[in-house]
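Geometric and topological summary
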Amino acid sequence: MTLSTSHNTAESALFEGRISGVLFDIDETLVDLVAAMKDAMVFASASLLPDFTAAQWEEFSALYMADPHDYYDRYVAGEFTFAQQRGLRARVVFEWLDVAFDATAEERWISDFELAQPKSIRAFADAAPLLDVLDAAGIPYGAVSNNVHDYQRAKLDTAGLARIGVLVGIDTVGVAKPDPAIFLEGCRQLGTVPAETVYVGDNYLVDGVGSVAAGLQGVWLNRVGDVPASDVEGLPAVATLAGLATLLGL
């Protein structure tokens, strides 16, 4: 199986040999989580910021998503609960805005956010068509995510991706990506060997480099035209999931 050594978007089939399965990241790969989170942030924060403009909401969401103190990664490492990391990330933004955000406001913000977000969960437009292609080709698929199983199961179902039956979360094997064990558990559940399994995700290091290190065939989904943080031999990139079908020669 020969891969391109370029990080440019793939335009033609690069895999030679048997592909027996595909594993996906979920957030920002299959599901447009950023859009859902922006909607939820506006809902949860509107009473505290009643005069905010659309441009200001973009700044708010950009700082929240940047997560400068790595609260989400620290949640994954077990330092905080999921709700706590949400509140801590919101606290950073409100402190930056110099807006009062006490414990009561934070508790309500977390509750309102969790109420609103599921209503905006959507799959990317290219997700279901790719699954159709894989179904037609008889290639099994699943997901490996850096969040807990049940939370991501509900997200996939809400997004209309319930047909993804195999789902491995950080609570499945007690580790998170890029630990090889979580990728290998995905292969085990899918019934494929790592060398014949493609893993595709939007995080260059965690998904792309991590899956390659675990022995899988990594593909970087680079929807926004980022520059990779490092260089790994043989890690191709695609700009869309339709590009993955081309990459696989389907």
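First, a word on what this report is: a plain description of the structure on this page. By convention here, each chain's residues receive numbers from 1 onward along its written sequence. Per-residue local features are limited, in this predicted model, to residues with pLDDT of at least 70; the limit for side-chain atom pairs, both in listing and counting, is 80 or more; totals at the level of whole chains, interfaces and linings are taken over all residues. Based on all heavy atoms of the structure, the side-chain values leave hydrogens and waters out of the count.

Quick look at unusual backbone geometry
What you tend to see is this: most non-glycine residues have negative phi, and most peptide bonds are trans. Under the convention used in this document: The secondary structure listing takes helices from DSSP runs of H or I that are at least 4 residues long and strands from runs of E that are at least 2 residues long, numbered from the N terminus. Residue burial is assigned from relative accessible area. The probe radius is 1.4 Å, only protein chains are included, and a residue is buried under 20% of its type maximum, exposed over 50%, and partly exposed in between.
In this structure, Pro178 follows Lys177 across a cis peptide bond, with omega equal to 15°. Considering the arrangement of structural elements, one finds Pro178 in the loop between helix H8 (170–173) and helix H9 (180–190). Although it is not a glycine, Asp70 sits at a positive phi angle of roughly 55°. Positionally, Asp70 belongs in the loop between helix H2 (54–66) and helix H3 (71–76). Given a relative accessible area of 41%, Asp70 falls into the partly exposed group. Phi is positive for Asp98, close to 60°, though the residue is something other than glycine. Counting through the fold element by element, Asp98 comes out in the loop between helix H4 (82–97) and helix H5 (103–116). Classification of Asp98 as exposed rests on a relative accessible area of 70%.

Brief notes about the sheet that holds strand S1 (residues 21–24)
To be explicit about the condition: In this analysis, strands are considered paired if DSSP registers two or more bridges between them.
Strand order in the open sheet made by the 6 strands is S3-S2-S1-S4-S5-S6, with parallel pairing throughout. One side of each edge strand has no neighbouring strand; the edge strands of this open sheet are strand S3 (166–168) and strand S6 (237–238). Sheet topology places strand S4 (residues 197–201) next to strand S5 (residues 217–221); 4 bridges connect them, and they run parallel. Bridge pairing links Val200 to Val219 in S5.

Let's talk about the nonpolar core
So the rule is basically this: The definition of a nonpolar core used throughout is a set of buried Ala, Val, Leu, Ile, Met, Phe, Trp, Tyr and Cys residues joined through side-chain atoms within 4.5 Å. Any two residues whose heavy atoms approach within 4.5 Å are treated as being in contact.
Grouped together as the largest cluster of nonpolar side chains are 49 residues, with contacts concentrated most on Phe24, Trp109 and Leu244. Contact partners of Trp109, with chain neighbours within four places excluded, come to Met41, Ala44, Ser45, Phe60, Tyr64, Arg86, Ala90, Phe94 and Phe101. Grouped together as the second largest cluster of nonpolar side chains are 16 residues, Phe82, Val166, Ile170 and Cys187 included.

With respect to the pattern of salt bridges
Note the threshold: Here a salt bridge means any side-chain nitrogen of Lys or Arg lying within 4 Å of a carboxyl oxygen belonging to Asp or Glu.
This model, assessed by the stated rule, comprises 14 salt bridges. The salt bridge involving Asp67 is made with Arg89; its shortest N-O contact spans 4.0 Å. Highlighted residues: Asp67 in the loop between H2 and H3 and Arg89 in helix H4, separated in sequence by 22 residues. Among the residues examined, Arg89 registers a relative accessible area of 7% and is labelled buried. A salt bridge links Arg188 to Glu185; the nearest nitrogen and oxygen atoms lie 2.8 Å apart. Remark: Glu185 and Arg188 occur in helix H9; sequence separation between them is 3 residues, near one turn of the helix.

Regarding the pairing of strand S2 (residues 141–144)
Inclusion rule: For a crossover, the right-handed case is the one in which the path from the first strand over the helix to the second runs clockwise, viewed with the strands pointing away from the viewer.
The alternating pattern of S2 places Tyr141 and Ala143 on one face and Gly142 and Val144 on the opposite face, and all of these are buried. Sheet analysis places S1 next to S2, joined by 3 bridges and oriented parallel. Note that in S2 the partner of Phe24 across the bridge is Ala143. Sheet topology places S2 next to S3; 3 bridges connect them, and they run parallel. If you follow Gly142 over to S3, its bridge partner there is Val166. Crossover connection from S2 via helix H7 (residues 149–158) to parallel S3: handedness right-handed.

Considerations on the packing of helix H1 (residues 33–45) against H5
Note the threshold: Only the stretch in contact is used when fitting a helix axis, every axis being a line fitted to C-alpha atoms; angles between N-to-C directions are given from 0 to 180 degrees. Should an angle fall under 35 degrees it is taken as roughly parallel, and over 145 as roughly antiparallel, whereas 65 to 115 is taken as roughly perpendicular and any remaining angle as oblique. When the near helix sits turned anticlockwise from the far one by under a right angle, the crossing is termed left-handed; a clockwise turn instead gives a right-handed crossing.
Two elements in contact, H1 and H5, have axes whose closest approach is 8 Å; the angle formed by their N-to-C orientations is 140°. Accordingly, the angle class assigned to the pair H1 and H5 is oblique. Seen from above, H1 lies across H5 with right-handed handedness. Where H1 approaches H5, its residues Met37, Ala40, Met41, Phe43, Ala44 and Ser45 are matched on the opposing element by Trp109, Asp112, Phe113, Leu115 and Ala116.

Thoughts on H5
Selection rule: To estimate how far a helix should reach, multiply one less than its number of residues by 1.5 Å. Under the rule applied, a polar contact is a pair of N or O atoms within 3.5 Å (in protein, one hydrogen donor and one hydrogen acceptor; residues adjacent in sequence only if both atoms are side-chain atoms).
Taking 1.5 Å of rise per residue, the 14 residues of H5 would be expected to cover 20 Å, and the 20 Å separating its terminal C-alpha atoms lies within 8% of that figure. For H5, the full list of buried residues reads Ala105, Glu106, Trp109, Ile110, Asp112, Phe113 and Ala116. Residues of H5 that are buried make contact with H1, H2 and H4. One side-chain oxygen of the residue at the start of H5 lies 3.2 Å from the amide nitrogen of Thr104, identifying that residue as Asp102.

What to know about the environment of Val92
Checked against the element boundaries, Val92 lands in helix H4. Along the primary structure Val92 and His69 are separated by 23 residues, whereas in three dimensions their C-alpha atoms are 8.7 Å apart. Leaving out residues up to four positions away in the same chain, Val92 has contacts with Leu63, Pro68, His69 and Tyr71.

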